[in-house]
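Observations on the three-dimensional arrangement
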Amino acid sequence: MPESRDLIARHFHMDSGLLMFGGQTSIETIVATYGTPLFIYDAAVLNRKYELLQQTLPQNFAISYSVKANPSQAILKHFVQKGCGLEIASSGEFLQALQAGCASNAILFAGPGKTKAELELVLAKGIGEIHIESVLEVARIAAISQRLGVMANVAIRVNPTGEALGGAMRMGGQSTPFGIDEEELESVVAQVCSNPVLKFSGLHLFSGTQILDYSVLVSQYRKGLDIARRIVKKTGQPLRTLDFGGGWGIPYFGKEMELDTKKLKSGLEEVFSEVQNDPDFSGTQFMVEPGRYLVGEAGVYVTQITDVKVSRGKKFLIVDGGMHHHLAASGNFGQVIKKNFPVCLVNKIDQPMKETVDVVGPLCTPLDVLARGIQLPEAIVGDLVGVLQSGAYGRTASPLHFLSHCSPPEVLVEGGEAKLIRRRGTYEDLTRDCV
Ligand SMILES: *Cc1c(COP(=O)(O)O)cnc(C)c1O
């Protein structure tokens, strides 16, 4: 794993061994107020990552934050207030985006299997763009638009041919439920353009998440421009939008390194300088829709040790949270073989590593392992175990109800204040929807 101490030095602070958020609020203070387990996010990290993203992209890129990475209202508001749009993939995300104050025309709706009810909702309320993921969706969107008497802005998500791939988790190049195969693209564009209630606004490419190799991103963006140019030659009109998707990664495991933003910046500058004065791209709004990159490093999941035991020579730290709150850290979300997230004792950061332990949660399943065989300082009941890099695909991607523990609260540290942004679940919540 990347060294926890290096990550803490990069994103947070330490004072007398305690993890400090926003430079001044200690983990002990936050835990004393809100209890454990909980997720804590640092607004200063959100800001730094957003600035770094902006500085790395060529000028004239619009940013849509991808809601599914972390849909908490305070997080959505944070990015909306910076001028970001939001990318959604369900009507539930749509309603949360509106509630966070996002203008409906700044919302992009992607994702396979959009139902009639979902399309009706977004078309009735207004939506920036719908990203078409199948041929059937063209007809479905058109029928609803006609009935409602509205025009739908549609972009087509492209499943590119294999050449430009190389990312960690592949979502393009092969057979996939996502997007229109590049080979079919021209015919689907023609269908959209010839439909009077659809407005063809552009193309959307997104073929992989957690990409840490800058050259993969550069070649994907180049490929996106090539596909766009081919379509523009056919339609005779520059695209209104060209969306390069999300996918920028953060380091979690082993020797993974941060995305090299210096090299990425110069690679993208080179690619986009070629199209700067190209009439094929005149007036085209370039876009990205990252999730993980913006929020992942800002979050820490903090649990407290409730028991320490040794079984046949192996030491276990049993904590009050686990895979039901943080499935990804348990290795059961997007991993084939469990690798450890960066984990440390956030109240003993300065102490020397003393022992090799497994950190496990309270669920009655051997899957509930937060970290296996890691080195930690000597730990006792009451110490705090923090899982770093937990701001994206954490709470939201977890089976919160499994084993009926209360869902964890979320706290955002901003301007020297630790604010509760989502309360802890209650036991009443567990039965609220039973009939
Ligand atoms: C999940 C998703 C994203 C965000 O992906 P990250 O890898 O978190 O940046 C962007 N766009 C679409 C369509 C997605 O489904």
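The following refers to the structure shown. Being a predicted model, the structure only gives us computed values, none of them experimental. (Residues numbered from 1 in each chain as written. Predicted model: local features only at pLDDT ≥ 70, side-chain atom pairs only at ≥ 80, totals over all residues. Heavy atoms only, no water.)

Overview of the side chain of Glu118
- In this fold, Glu118 is placed in helix 6 (residues 116-125).
- The side chain of Glu118 is buried and forms no salt bridge, while Arg140, the nearest opposite charge, is found at 7.7 Å.
- Sequence-distant contacts of Glu118, that is, excluding residues within four places in its chain, are made with Ser90, Ser91, Phe109 and Gly113. (Helix = DSSP H or I, 4+ residues; strand = E, 2+ residues; numbered from the N terminus. Buried < 20%, exposed > 50% of the residue type's maximum accessible area, 1.4 Å probe, protein only. Lys, Arg positive; Asp, Glu negative; His and termini not counted. Salt bridge = Lys/Arg side-chain N within 4 Å of Asp/Glu carboxyl O. Contact = heavy atoms within 4.5 Å.)

Observations concerning unusual backbone geometry
- The omega angle of the peptide bond from Thr36 to Pro37 is -10°, so this bond is cis rather than trans.
- Tracing the chain through its elements places Pro37 in the loop between helix 2 (27-34) and strand 4 (38-42).
- With a phi close to 50°, Tyr393 is a non-glycine residue in the positive phi region.
- Within the fold, Tyr393 resides in the loop between strand 21 (384-387) and strand 22 (410-414).
- The class of Tyr393 is buried, set by a relative accessible area of 11%.

A closer look at the site of the ligand
- In the vicinity of the ligand, 15 residues are found, and the nearest of them are Lys68, Thr209, Gly247, Glu289 and Tyr393.
- At 2.8 Å, a side-chain N or O of Lys68 approaches an oxygen atom of the ligand.
- Here the ligand has 390 Å² of accessible area as a free molecule, and 93% of this is covered by the chains.
- Grouping the amino acids of the shell around the ligand by side-chain chemistry returns 4 nonpolar, 6 polar and 5 charged. (Near = heavy atom within 4 Å. Polar contact = N/O pair within 3.5 Å; in protein donor to acceptor, adjacent residues only side chain to side chain. Areas by Shrake-Rupley, 256 points an atom, 1.4 Å probe, with all protein chains shown as cover. Nonpolar A, V, L, I, M, F, W, Y, C, P; charged D, E, K, R; others polar.)

Brief notes about the side chain of Thr261
- By secondary structure assignment, the location of Thr261 is in helix 10 (residues 261-273).
- Residues in contact with Thr261, not counting those within four places in the same chain, are Leu52, Thr56 and Tyr293.

Re the pairing of strand 9 (residues 152-159)
- When you tally the buried positions in strand 9, you get 7 out of 8 residues, the bulk of the element.
- Note: strand 8 (residues 129-132) against strand 9, 3 bridges, orientation parallel. Note that in strand 9 the partner of Ile132 across the bridge is Ile156.
- Regarding the hand of the β-α-β motif, the stretch spanning strand 8, helix 7 (residues 135-148) and strand 9 is right-handed.
- Where strand 9 meets strand 12 (residues 198-205), 7 bridges bridge the pair, whose relative direction is parallel. Looking at strand 12, one finds that Val158 is bridged to Leu205. (Pairing = 2+ DSSP bridges. Right-handed = clockwise from strand over helix to strand, strands pointing away.)

So, the packing of helix 4 (residues 73-81) against helix 5 (residues 91-99)
- Packing of helix 4 against helix 5 brings their axes to within 9 Å, and their N-to-C directions diverge by 60°. Overall, the two elements helix 4 and helix 5 adopt an arrangement that is oblique. Relative to helix 5, the crossing made by helix 4 is right-handed. Between helix 4 and helix 5, the contacting residues are Gln73, Leu76 and Lys77 on the first element and Gln96, Ala97 and Gln99 on the second.
- Of the residues assigned to the contact of helix 4 with helix 5, the class counts are 2 nonpolar, 3 polar and 1 charged. (Axes fitted to C-alpha atoms, helices over the stretch in contact; angles between N-to-C directions. Parallel < 35°, antiparallel > 145°, perpendicular 65-115°, else oblique. Left-handed = near helix turned anticlockwise from the far one by under 90°.)

Describing the pairing of strand 21
- Side chains Leu384 and Gly386 of strand 21 all project onto a buried face; the interleaved residues Val385 and Val387 project onto the opposite face, where all are buried too.
- As judged from the 4 bridges shared by strand 16 (residues 299-311) and strand 21, these two strands associate in the antiparallel manner. Each bridged residue has a counterpart across the sheet, and for Val302 the counterpart in strand 21 is Gly386.
- Judged from the 3 bridges that link them, strand 18 (residues 343-345) and strand 21 form a sheet pairing that is antiparallel. Opposite Cys344, over in strand 21, you have Gly386 as the bridge partner.

Focus on the nonpolar core
- One finds Ile27, Leu203, Leu242, Phe272 and Val359 to be the most contacted residues of the largest nonpolar core, which totals 123 residues.
- Top element by residues in this core is helix 9 (residues 214-235). It accounts for 9 residues.
- A domain-level breakdown of this core finds at least three residues from each of domain 1 (4-42 + 296-430) and domain 2 (71-290).
- Apart from the residues lying within four places of it in its own chain, the contact partners of Phe272 are Pro58, Phe61, Tyr221, Leu225, Phe244 and Phe286. (Core = buried A, V, L, I, M, F, W, Y, C linked by side-chain atoms within 4.5 Å. Domains from an automatic or database assignment.)

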